[in-house]
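# Fold and contact review
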Amino acid sequence: MKVYNGTYKKLAEKLDIAPPTIMAWLSKKRPIPKAKLEALSELFHIEEELFTKELNEVEKIQIQLEYLRRLSKRDSFEVPDFFTDDDGVHFMRMIFIKEAHYWIRWSVYLNYLMRKYRRV
């Protein structure tokens, strides 16, 4: 949840359940029902199995990286770039502008951490 800047209350509302239910899932007091696993998977774009097991550091970082990639893609847009070659022929190409510079820097740091943990 930390990665997604969300709260258990907001998540519970989206899943149409009570917040204590989420706490029970996290503390392993109750299993996550199949229908809610599917909803979580779709909501977070994460495989269902990752909600039912203890994540290692590499898996946590991979989830964070994927989230940041999606944010970066969402916060980017194409703009036309006009240029002329040496023969005077005019061209237009589309380039991507990223607004999420912070997320890109964070992504580089997470890539570093992932390489570090893979060596251990």
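Rules behind the numbers
Residues numbered from 1 in each chain as written. Predicted model: local features only at pLDDT ≥ 70, side-chain atom pairs only at ≥ 80, totals over all residues. Heavy atoms only, no water. Helix = DSSP H or I, 4+ residues; strand = E, 2+ residues; numbered from the N terminus. Buried < 20%, exposed > 50% of the residue type's maximum accessible area, 1.4 Å probe, protein only. Contact = heavy atoms within 4.5 Å. Areas by Shrake-Rupley, 256 points an atom, 1.4 Å probe, with all protein chains shown as cover. pLDDT = per-residue confidence, 0-100. Patch = residues over 30% accessible without salt bridge, like charges linked within 9 Å, V, L, I, M, F, W, Y side chains within 5 Å. Salt bridge = Lys/Arg side-chain N within 4 Å of Asp/Glu carboxyl O. Core = buried A, V, L, I, M, F, W, Y, C linked by side-chain atoms within 4.5 Å.

This next bit is on the overall build of the chain. Looking only at helices and strands, the chain has 5 helices and 2 strands in total. Here the chain holds 120 residues, and the buried ones make up 26% of them. Long-range pairs, those at least 24 residues apart, make up 39% of the contacts in the chain with a sequence separation of at least 6. Only carbon and sulfur atoms are counted for the fraction: they give 56% of the accessible area of the chain, which is about 9100 Å².

What follows concerns the confidence of the model for the chain. Interpreting fine coordinate detail is not advised for predicted regions of low pLDDT. Chain-level pLDDT for the chain is 77 on average; 63% of the residues reach the 70-or-more range. Strand E2 (residues 90-98) is the least confidently modelled element of the chain, averaging 59 in pLDDT, while helix H3 (residues 34-44) averages 93, the highest of any element.

Here we take up unusual backbone geometry. Here Asp16, not a glycine, exhibits a phi torsion of approximately 60°, which is positive. As for its placement among the helices and strands, Asp16 is situated in the loop between helix H1 (8-15) and helix H2 (19-26). A positive phi angle, close to 65°, is found at Lys28, a residue other than glycine. Within the fold, Lys28 resides in the loop between H2 and H3. The exposure class assigned to Lys28 is exposed, which follows from its relative accessible area of 54%.

Right, let's talk about a nonpolar patch on the surface for a bit. Together, Tyr8, Met23 and Leu26 make up a nonpolar patch on the protein surface, roughly 290 Å² of accessible area in all. With respect to the secondary-structure elements, Tyr8 resides in helix H1.

We now examine the nonpolar core. Within soluble globular proteins, side chains that are nonpolar tend to cluster in buried spots. Leu11, Ala12, Leu15, Ile22, Trp25, Ile32, Leu37, Leu40, Phe44, Ile46, Leu50 and Ile63 form the largest nonpolar core, which has 12 residues in total. Counting residues in each nonpolar core, the second largest holds 5 residues, with Val58, Ile61, Leu113 and Met114 among its members.

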